[in-house]
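Residues per chain are reported as follows:
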Amino acid sequence: MDLGLVGKRAIVTGTSKGIGLAIARGLAAEGVDVVLAARSAQPLRAAAQEIARQSGRRVIAVPTDTGDDEQVKELVARTVAELGGVDILVNSAATPWSAGAGGDLQATTDEIVRREVEIKVLGYLRTARAVAPHLVEQGWGRIINISGLGARQANSIGQTIRNVSVSALTKNLADELGPHGVNVTVVHPGLTRTERLTERLTRQVEQDGGDVAELESQLVKNSIRRIIDASEIADVVTFLASPRSIAITGDAIAAGGGVPGPVYY
């Protein structure tokens with residue numbers, strides 16, 4: 001299937017590693033010119049060089065803290081100046097879930113919730129607000145927000161609030177921007193194989209023995225009984241970023257390999 005993405009221009013946040021980096025690779029492989037945005041400048045530039053070499057597309061690193069509205073505006077302005085416009089926004093920037101903090105009522109301080117919301121919710125709002133006028137003006141665009149299956153589980157107040165909030169933001173944007181040719185969706189990854197997960201399991205193997213594959217199998221709770229790789233999340237996002245996804249907007253796409261039991265409709 002030709003996804004019709006050749007020559008499109010995308011901004012992907014949270015691209016120094018993990019799911020965001022995998023998404024940037026997936027889009028570039030389909031012919032998209034990509035602007036990578038994250039706070040860590042050195043790994044961001046290294047990632048841009050690698051993706052450009054592999055794909056042959058224009059890949060630009062723009063160090064950006066999406067917690068700062070002025071930096072977000074500069075990110076979009078530079079994208080438009082260097083690529084001639086923008087067609088796709090993928091929001092993937094987020095702090096690690098609660099940074100190890102507890103998730104129950106007494107452990108959930110105001111500061112924890114503020115930290116959860118600042119980047120993954122308000123950061124997504126900032127980037128969408130800056131990009132949307134360009135998409136509306138040209139009459140076509142895609143915004144994909146990366147959230148998480150924590151939106152469907154009440155195991156941490158902070159995690160649930162931030163992920164549900166991303167879904168609420170997505171639906172509001174979809175209804176407002178849909179008449180202007182802009183589709184907005186949210187993707188809920190579950191447990192995903194990323195650099196962070198592999199590093200954590202490798203340290204555990206070094207300490208306790210065994211192997212990473214065995215530890216992964218112990219963590220699996222999804223329907224297909226294996227961990228989803230970041231590249232497989234990227235496959236889903238790449239389709240949603242394409243003109244082929246016209247029938248999908250405002251809805252959440254679960255991408256965790258299936259949750260046994262509950263029926264979502």
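Above: the structure in question.
Colleague: I tried to follow the nonpolar core on my own but got confused; where do I start?
Modeller: For soluble globular proteins, the rule of thumb is that nonpolar side chains tend to be buried together. Ranked by internal contacts, the top residues of the largest apolar core, which has 63 residues, are I23, L27, L36, V90 and I144. Leaving out residues up to four positions away in the same chain, L36 has contacts with V12, T15, A24, L44, A47, A48, I51, V59, I60, A61 and V62. Counting residues in each nonpolar core, the second largest holds 6 residues, with L197, L201, V220 and I227 among its members.

Colleague: Looking at this structure, how should I read the packing of helix α3 (residues 69-83) against helix α4 (residues 110-138)?
Modeller: Relative to each other, α3 and α4 sit at 30°, their axes nearing to 9 Å. For α3 against α4, the interelement crossing comes out right-handed. Contact residues: D69, V72, V76 and V80 in α3; R126, T127, R129, A130, V131 and H134 in α4. Its residues assigned to classes, the contact of α3 with α4 comprises 5 nonpolar, 2 polar and 3 charged.

Colleague: How should I be thinking about the packing of helix α1 (residues 18-29) against helix α8 (residues 230-240) in this particular structure?
Modeller: When two helices pack together, their arrangement is given by the angle between their axes and by how far apart the axes lie. For the pair α1 and α8, the least separation of the axes is 8 Å and the interaxial angle reads 55°. With respect to α8, the axis of α1 lies oblique. Helix-helix and strand crossings are classified by hand; for α1 and α8 the assignment is right-handed. Where α1 approaches α8, its residues G18, I19, A22, I23, G26 and L27 are matched on the opposing element by A230, S231, I233, A234, V237 and T238. Taken together, the residues of the contact of α1 with α8 break down into 8 nonpolar, 4 polar and no charged.

Colleague: Please clarify how the pairing of strand β6 (residues 182-189) should be interpreted in this entry.
Modeller: Two faces belong to every sheet, and in a regular strand the side chains alternate between them. With respect to burial, β6 is a largely interior element, 8 of its 8 residues being buried. Going residue by residue along β6, you find V182, V184, V186 and H188 tucked away on one face and N183, T185, V187 and P189 tucked away on the opposite face as well. Bridge analysis of strand β5 (residues 141-146) against β6 gives 6 bridges, and the strand direction is parallel. Of the residues in β6, the one forming a bridge with G141 is V182. Handedness of the crossover joining β5 and β6 through helix α5 (residues 157-177): right-handed.

Colleague: Would you explain the sheet that holds strand β1 (residues 9-13) in this entry?
Modeller: Strand pairing in a sheet takes place through backbone hydrogen bonds and is either antiparallel or parallel in direction. Strand order in the open sheet formed by 7 strands is β3-β2-β1-β4-β5-β6-β9, with parallel pairing between adjacent strands. The sheet is open, and its two borders are formed by β3 (59-61) and β9 (252-255), each paired with just one other strand. Neighbouring strand axes in the sheet, compared pairwise and without regard to direction, differ in orientation by 20° on average. Where strand β2 (residues 33-37) and β3 come together, 3 bridges link them in parallel fashion. Its bridge partner lying in β3, L36 is registered against A61. Docked against the sheet, helix α2 (residues 41-55) engages β2 and β3, running at close to 175° with respect to β3. Set on the sheet, α8 makes contact with β4 (88-91), β5, β6 and β9; between it and β6 the angle comes to about 170°.

Colleague: Just checking my understanding: could you explain the packing of aromatic side chains for this structure?
Modeller: Two measures describe an aromatic ring pair: the distance that separates the ring centres and the angle between the ring planes. The full count for this structure, using the stated rule, is 0 aromatic pairs. Sitting over the face of the ring of W140, K8 holds its NZ or CZ atom 4.0 Å from the ring centroid. Against the face of Y264 rests R152, its NZ or CZ located 4.4 Å from the ring centre.

Parameters at a glance
- Within each chain, residue numbers correspond to sequence positions counted from 1 in written order.
- At least 70 in pLDDT is required for a residue's local features to be given in this predicted model, at least 80 for side-chain atom pairs to be given and counted, and no such filter applies to totals for whole chains, interfaces and linings, which use all residues.
- Think of the side-chain values as coming from all heavy atoms in the structure, minus any hydrogens and water.
- Grouping buried Ala, Val, Leu, Ile, Met, Phe, Trp, Tyr and Cys residues that are joined through side-chain atoms within 4.5 Å yields what is termed a nonpolar core.
- The rule is simple: take the accessible area with a 1.4 Å probe, protein chains only, and divide by the maximum for that residue type; under 20% is buried, over 50% is exposed, in between is partly exposed.
- Any two residues whose heavy atoms approach within 4.5 Å are treated as being in contact.
- Under this scheme, a helix contributes an axis fitted over its contacting stretch, all axes are lines through C-alpha atoms, and angles between N-to-C directions fall in the 0 to 180 degree range.
- To qualify as a helix, a DSSP run of H or I must reach at least 4 residues; to qualify as a strand, a run of E must reach at least 2; elements of each kind are numbered from the N terminus.
- The hand of a helix crossing depends on one turn: near helix anticlockwise from the far one by less than a right angle means left-handed, and clockwise means right-handed.
- Following the grouping adopted for this structure description, the nonpolar residues are Ala, Val, Leu, Ile, Met, Phe, Trp, Tyr, Cys and Pro, the charged ones are Asp, Glu, Lys and Arg, and the polar ones are all others, Gly among them.
- Oblique is the label for any angle not covered by the other classes, which are roughly parallel (under 35 degrees), roughly antiparallel (over 145) and roughly perpendicular (65 to 115).
- The rule for pairing is simple: two strands pair if DSSP sees at least two bridges between them.
- By definition, the crossover connecting two strands over a helix is right-handed if that path, from the first strand to the second, turns clockwise as seen with the strands pointing away from the viewer.
- In this analysis, rings of Phe, Tyr and Trp, with Trp reduced to its six-membered ring, are considered paired at centre separations within 6.5 Å, and the interplanar angle assigns stacked below 30 degrees, edge-to-face beyond 60, and tilted for intermediate values.
- Criterion for a charge above a ring: Arg CZ or Lys NZ at most 6 Å from the ring centre, at most 35 degrees from the ring normal.

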